[in-house]
Amino acid sequence: MRILLVEDEEKLARFLVRSDGELQFHALVERYYRHLLFDRARAIGALFTSIAEHAERPVWIHCTAGRDRTGVAIALLQRTLGVPEPRVLEGFRETDARYGQRLERVTRVLRALTLRRVSEARIHVVLRTQPELLASLLAELESRHGTIEGYLRQSCGVSEASIGRIRDALLSREPEPR
């Protein structure tokens, strides 16, 4: 099943390379994450509902780099499962190490696509993880909705039953003492 967190990939491309003066790339990434969490909340809801409906099978969540869309979705999933935020952010940060040589290849491609109007340094800001930004947005979701589950229910339309099925499928239970 394909669930798009970005409705229009052409719009995303324009978003990444648009030129509005002295573009602040950190702000660009923040706007993008906000877009994922707030404008595409129903797509996140569809993702979580699909995970719940197929809880007996493996689920593969991916995007181009495995960082933004995937990173946000997995962070929400981990927080829903009770993974402590520092561990979630540590895993998010590990994406940079795994990205390795692909970072340079993607940088070259993006520089060519933007006719070299965007510097390597700016592209690296966009392509590297920003755990502090993710932490800030997770805190905002929890502030607005009480919990990540509250966000999933209220903004994303995920039922309590679906959240329960996800937890049942993905959390191991402590063996009962004999």
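Predicted model only: the values in this text are computed from it and were never measured. One numbering rule holds for all chains: residues counted from 1, following each sequence as written. With pLDDT at 70 or above as the cut-off, local features in this predicted model cover only qualifying residues; side-chain atom pairs require 80 or more to be listed or tallied, and sums for whole chains, interfaces and linings still use all residues. Side-chain numbers here rest on the full set of heavy atoms in the structure, without hydrogens or water.

Caption draft 1: Quick look at the overall build of the chain. By definition, any uninterrupted DSSP run of H or I lasting at least four residues is a helix, any uninterrupted run of E lasting at least two residues is a strand, and each is numbered from the N terminus. Along the backbone of the chain there are nine helices and zero strands. Going residue by residue from the N terminus, the α and β elements of the chain occur as α-α-α-α-α-α-α-α-α. Residue contacts follow a heavy-atom distance rule, with two residues in contact if any of their heavy atoms lie within 4.5 Å. Expressed as a percentage of contacts within the chain between residues at least 6 apart in sequence, the contacts between residues at least 24 apart total 71%. Surface summary for the chain: the accessible area is close to 10,700 Å², and the carbon and sulfur share equals 52%. Accessible areas in this description were obtained via Shrake-Rupley with a 1.4 Å probe; residue shielding takes into account the shown protein chains only.

Caption draft 2: Up close: the pattern of salt bridges. Salt-bridge detection follows one rule: a side-chain nitrogen of Lys or Arg within 4 Å of a carboxyl oxygen of Asp or Glu. Taken as a whole and assessed by the stated rule, the structure comprises nine salt bridges. With a closest N to O distance of 3.3 Å, R57 and E56 form a salt bridge. You can call E56 exposed: its relative accessible area is 58%. Its salt-bridge partner being E90, residue R87 comes within 3.4 Å of it at the nearest N-O pair. A residue pair is termed a helical-turn pair when its members lie 3 or 4 positions apart in one helix, as R87 and E90 do in helix α5 (residues 85-113) at three residues. Only protein chains enter the calculation, and the probe is 1.4 Å; a residue is then buried if its accessible area is under 20% of its type maximum, exposed if over 50%, and partly exposed in between. R87 sits in the partly exposed class, given a relative accessible area of 41%. A relative accessible area of 39% means that E90 is categorised as partly exposed. One connected set of salt bridges, linked through shared partners, spans E30, R34, E140 and R144.

Caption draft 3: Quick peek at the nonpolar core. Grouping buried Ala, Val, Leu, Ile, Met, Phe, Trp, Tyr and Cys residues that are joined through side-chain atoms within 4.5 Å yields what is termed a nonpolar core. Membership of the largest hydrophobic core comes to 35 residues, with the highest contact counts inside it found for Y33, L37, I44, F48, L76, Y151 and L152. Among the elements of the structure, α2 (25-39), α3 (41-53), α4 (68-80), α5, α7 (131-145), α8 (148-154) and α9 (160-170) are those that each provide at least two residues to this core. Formed by five residues, the second largest nonpolar core is a distinct cluster that contains Y99, L103, V118 and I123.

Caption draft 4: Region of the structure containing α4. Each helix should span, by expectation, one fewer than its residue count multiplied by 1.5 Å. With 13 residues, α4 should cover 18 Å at 1.5 Å per step; its first-to-last C-alpha distance of 18 Å lies within 8% of that length. Buried residues of α4: D68, R69, T70, G71, V72, A73, A75, L76, L77, R79 and T80, and no others.

Caption draft 5: How the structure looks around the side chain of R111. Within the fold, R111 resides in helix α5. Here R111 is in contact with R116, V118, S119, E120 and I123, once residues within four sequence places are set aside.

Caption draft 6: How the structure looks around the environment of A43. The residue A43 is located in helix α3 in this model. Along the chain, A43 and C156 lie 113 residues apart, while their C-alpha atoms are 7.4 Å from each other.

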